[in-house]
Amino acid sequence: RIFVYEKKDAPIVSVQAWVKTGSIHEDEFLGAGLSHFLEHMMFQGSSKYPGQSMAETIHKCGGETNAYTSYGSTVYYTDLPAEHVETGIDCLASMISTPTFPKEKFISEKEVILRERDMYLDRPGSVIAEKLWYNIFSMHPARHPIIGYREKIEKVNRDTMMAYYKKRYSPQRCFFLVCGDVDSASVTEMVRKR
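Read on for an overview of the structure. What you see is a predicted model, and the numbers here were worked out from it, not measured in a lab.

About the criteria used
Residues numbered from 1 in each chain as written. Predicted model: local features only at pLDDT ≥ 70, side-chain atom pairs only at ≥ 80, totals over all residues. Heavy atoms only, no water. Phe/Tyr/Trp six-rings, centres within 6.5 Å; stacked < 30°, edge-to-face > 60°. Helix = DSSP H or I, 4+ residues; strand = E, 2+ residues; numbered from the N terminus. Buried < 20%, exposed > 50% of the residue type's maximum accessible area, 1.4 Å probe, protein only. Salt bridge = Lys/Arg side-chain N within 4 Å of Asp/Glu carboxyl O. Axes fitted to C-alpha atoms, helices over the stretch in contact; angles between N-to-C directions. Parallel < 35°, antiparallel > 145°, perpendicular 65-115°, else oblique. Contact = heavy atoms within 4.5 Å. Nonpolar A, V, L, I, M, F, W, Y, C, P; charged D, E, K, R; others polar.

**Brief notes about the packing of aromatic side chains**
Summed over the entire model, instances satisfying the criterion amount to eleven aromatic pairs. When the centroid spacing of 5.6 Å and the interplanar angle of 15° are considered together, the rings of Trp18 and Phe175 count as stacked. Of this pair, Trp18 sits in strand E2 (residues 12-19) while Phe175 sits in strand E5 (residues 174-180), and the two are 157 residues apart along the sequence. On the accessibility criterion, Phe175 (12% relative accessible area) is buried. Summarising the aromatic geometry, the rings of Phe101 and Tyr165 are spaced 5.5 Å apart at their centres and angled 70° between planes, so their arrangement reads as edge-to-face.

Here it is in structure tokens:
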């Protein structure tokens, strides 16, 4: 599905690729932060944009890119000058459809996530919120933090992550949102052909 909102008051565009999978969908790996870990790994290269070349491509166009993971979805986005909308679409489509999961980056990204988890525990508000959600929801998977627990993150391996990607990142669960100084028909075609 493709949603386009033409907003012509400034020559900019926001392109978002949504995947309807988040921390509540991790099944037997609940609490391992697989969705969040996967989000990190998606920035480590794709078949068309190896290594950091996707982010570099967006930056050369004058844009920025990032992502976030929630309980129910993971969103990859880029904001850039409208004249580069096709580049933004191409980068995000490649990122979510042909990631390479480089082995050498898996360990370093796991370390980054473990540091994020430790920083999370340094914030009293985050700790209280985590305890609150854990006690409010006795059965619902939202009781576990999106980032996961340290001991479970440490056990995640590359094969587990790749299997999770194959299971959850299907075309039926993905959709694009494009908002900005664009033509709806041409943007729709740009996404469709990818």
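Next comes the rest of the description.
**Some points on the pattern of salt bridges**
Evaluated as defined, the whole model comprises ten salt bridges. Between Glu130 and Arg117 there is a salt bridge, with the nearest N and O atoms lying 2.8 Å from each other. Pair noted here: Glu130 is in helix H5 (residues 124-136) and Arg117 is in helix H4 (residues 103-121), with a separation of 13 residues, a long-range link. Exposure remark for Arg117: the relative accessible area of 4% places this residue in the buried category. Notably, a salt bridge pairs Arg150 with Asp118, separated by 2.8 Å at the nearest N-O pair. Within this pair, whereas Arg150 is found in helix H6 (residues 150-153), its partner Asp118 is found in helix H4, the two being separated by 32 residues in sequence.

**Observations regarding the packing of H4 against H5**
At their nearest, the axes of H4 and H5 sit 6 Å apart, and the two run at 95° to each other. In terms of axis orientation, H4 runs roughly perpendicular to H5. Each of Arg117, Tyr120 and Leu121 in H4 lies in contact with H5, whose residues at this interface are Ser126, Val127 and Glu130. Of the residues in the contact of H4 with H5, the class split is three nonpolar, one polar and two charged.

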